[in-house]
Amino acid sequence: MKTVYVCFCTDVIHDGHLNIIEHAKQHGKVVVGCLSDKEMIRCTKFPTTSEEERMELYRSIDGVDEVVLQDNMLYDDIINKLHPDFIVHGDNWKDGPEKTIRTHVEKLLAEYGGEIIDVPYTYNENVKKVDDRLREKLSMPEYRRKRLRQLIDMTPIVKTMEAHSGITGLIVEKTVVESEDGKLDQFDAMWVSSLCDSTAKGKPDIELVDMTSRLNTINDIMEVTTKPIILDGDTGGLTEHFVYNVRTLERMGVSAVIIEDKTGLKKNSLFGTEVIQTQDSIENFSAKIAAGKKAQLSDDFMIIARIESLILERGMDDALERAFAFTAAGADGIMIHSRKKDPAEIFEFCDKFREKDKKTPIVVVPTSFNQVTEEELASHGVNIVIYANQLMRAAFPVMKSTAEDILRAHRAKEVDSRLMPFKDIIRLIDEI
Ligand code: SPV
Ligand code: MG
């Protein structure tokens, strides 16, 4: 009896999956692999059911003889263990990002004479409906909100990219690449930066763009994406206002708000001591955190305390004292910021914090110490890395030079080669 292997990475079974099993059955004993959470997050959609529930679901399909866990999206573990004679997959993996996985599998099978069977992908109304439903489910507040905490537990480091509009949200949502280890990779979460949200509106980053406007930006992003959102909440404003905003944010499905321990007119941290900035007292800021936590209704929402001691050159001891005080006041995480060119002080903070606190998530924003890798940060106990402004900063110079070149040429032909083709825009934006 030959062994036929099929990998599933879905929470819902539709006609397409059943069709694959039908094909697989004809070639021998059918073993279905359930792609592990960790790998599913990196290459496809976020799971809305547990590994155990998915395995149970696959076991219930007629024609499935055995279900195993697959812990490597490239199939190495499965191929080494099972030596399947055939691997059956929808032929959609012949193109697009998944092509790299198919090439890898083909190479592994060739070593012992195994074969790939590509089954024509099932495109019909039912399959589309199931896929759409799953996407919609992921965008619902209760799913989106808890996803950040789930990611902290499931991934070595939560890779977060800034989004300040629907279109930048779509880029964070949909960008998938083949990474160095040959696997696919994508961003886990989105940061709605005060700097980028303000800049997109042509305004300075001084809490001038009010919460109503920030909520509109979040809503634009939420309309077209499913990934979790971390809001840059500036100072959190007055405690009396912050408590209302916490309720609004959690109701919308935002996963976390990060508030910084500054008071008075807030200026961007990257100015450091070049401008006047006042740090809040430990007592006041702790009281703001505690009030926010008391107001919160769901268990999932996170209030993360951002410490500005290193930015304002108040020293490591002050940063650590604040970190422990804010955690004691109820903060669900600590963001430590620095504008040094190298990450030494960030590493020192993380190491010292982790000596006493092994669990509270640490967030960092490597804008100025940008040589640091995600792996290095994770090895110092960092849980969330935020690329806080790169999409905005990438777009601006190109838009400016395009405007200048059209002005100079008195026509648009000269800039055409650098523009995105219309059909790519259509592909990026889904139609219902
Ligand atoms: C932001 O993105 O608005 C931030 C991070 O607050 S920083 O600009 O580095 O202060
Ligand atoms: Mg900010």
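As the structure is a computational prediction, the values presented were derived from the model and not from experiment.

Novice: It is not clear to me how the pattern of salt bridges should be interpreted in this structure. Could you clarify?
Specialist: All told, the structure shown has 35 salt bridges when counted by the stated rule. Of the charged contacts in the structure, one is a salt bridge between D234 and K266, with a shortest N-O distance of 2.8 Å. Here D234 is found in the loop between β10 (229-232) and α11 (239-252), whereas its partner K266 is found in the loop between β12 (262-263) and β13 (278-279), with 32 residues between them in sequence. The burial state of D234 is the same as that of K266; both residues are buried. A salt bridge links E260 to K262; its shortest N-O distance comes to 2.8 Å. Counted as one network, the salt bridges with shared partners bring together D197, K201, D205, R214, D234 and K266.

Novice: What am I meant to see in the environment of F86 here?
Specialist: Position of F86 among the secondary structure elements: in strand β4 (residues 86-90). For F86, a relative accessible area of 14% corresponds to the buried category. It is 6.6 Å that separates the C-alpha atoms of F86 and T3, two residues lying 83 residues apart in sequence. Sequence-distant contacts of F86, that is, excluding residues within four places in its chain, are made with K2, T3, V4, Y5, H27, E115 and I117.

Novice: Could you clarify how one ought to interpret the side chain of R147 in this entry?
Specialist: Within the secondary structure layout, R147 lies in helix α7 (residues 141-154). This buried residue, R147, is left without a salt bridge; E173 holds the nearest opposite charge, at 5.7 Å. The residues touching R147, leaving out its near neighbours within four places in the chain, are F46, L138, T226, K227 and P228.

Novice: I keep staring at the coordination of the magnesium ion (ligand 2) and nothing clicks. Help me out?
Specialist: For a metal bound by four donors in tetrahedral geometry, the ideal donor-metal-donor angle is 109.5 degrees, whereas six donors in octahedral geometry ideally sit at 90 or 180 degrees. Ligation of the magnesium ion (ligand 2) by protein atoms is provided by S194 (OG) and D232 (OD), these donors lying 2.1 to 2.2 Å from the ion. Within this pair, whereas S194 is found in helix α9 (residues 194-200), its partner D232 is found in strand β10, the two being separated by 38 residues in sequence. We note that S194, like D232, is buried.

Novice: How should I be thinking about a nonpolar patch on the surface in this particular structure?
Specialist: A surface patch of nonpolar side chains, amounting to about 660 Å² of accessible area, comprises I167, I171, M420, F422, I425, I426 and I429. Secondary-structure elements contributing two or more residues to the nonpolar patch are α8 (166-174) and α17 (422-428). For the nonpolar patch, the element with the highest residue contribution is α17, accounting for three residues. Along the chain, I429 falls in the segment after α17. For I429, a relative accessible area of 41% puts it in the partly exposed group.

Novice: How should I be thinking about the nonpolar core in this particular structure?
Specialist: Side chains that are nonpolar tend, in soluble globular proteins, to be buried together. Counting 48 residues, the largest nonpolar core has I218, F326, I336 and F349 as its most contacted members. Each residue touching F326, except ones within four places of it in the same chain, is listed here: D261, I282, F285, S286, I289, A305, I307, A331 and I334.

Novice: Mind showing me how you'd approach the sheet that holds strand β17 (residues 384-387) here?
Specialist: Each strand in a sheet pairs with its neighbour through backbone hydrogen bonds, running either in the same direction (parallel) or in the opposite one (antiparallel). Read around the closed barrel, eight strands run β6-β9-β10-β11-β14-β15-β16-β17, paired in parallel fashion. Taken pair by pair, the neighbouring strands of this sheet meet at an average axis angle of 25°, ignoring direction. Summarising the sheet, strand β14 (residues 302-307) and strand β15 (residues 333-336) pair through four bridges and their orientation is parallel. Across the sheet, the residue bridging to A305 is I334, located in β15.

Novice: Looking at this model, I keep getting lost on unusual backbone geometry. Mind explaining?
Specialist: Glycine aside, negative phi is the norm for most residues, and most peptide bonds take the trans geometry. With phi around 60°, E207 is a residue other than glycine that occupies positive phi space. When you line up the elements, E207 lands in the loop between α9 and α10 (211-224). The backbone phi angle of D234 is positive, close to 50°, even though this residue is not glycine.

Criteria and cut-off values
- Residues numbered from 1 in each chain as written.
- Chains lettered and ligands numbered in written order.
- Predicted model: local features only at pLDDT ≥ 70, side-chain atom pairs only at ≥ 80, totals over all residues.
- Heavy atoms only, no water.
- Salt bridge = Lys/Arg side-chain N within 4 Å of Asp/Glu carboxyl O.
- Helix = DSSP H or I, 4+ residues; strand = E, 2+ residues; numbered from the N terminus.
- Buried < 20%, exposed > 50% of the residue type's maximum accessible area, 1.4 Å probe, protein only.
- Contact = heavy atoms within 4.5 Å.
- Lys, Arg positive; Asp, Glu negative; His and termini not counted.
- Donors = N, O, S within 2.8 Å, 3.2 Å for Na, K, Ca; no water.
- Patch = residues over 30% accessible without salt bridge, like charges linked within 9 Å, V, L, I, M, F, W, Y side chains within 5 Å.
- Areas by Shrake-Rupley, 256 points an atom, 1.4 Å probe, with all protein chains shown as cover.
- Core = buried A, V, L, I, M, F, W, Y, C linked by side-chain atoms within 4.5 Å.
- Pairing = 2+ DSSP bridges.
- Axes fitted to C-alpha atoms, helices over the stretch in contact; angles between N-to-C directions.

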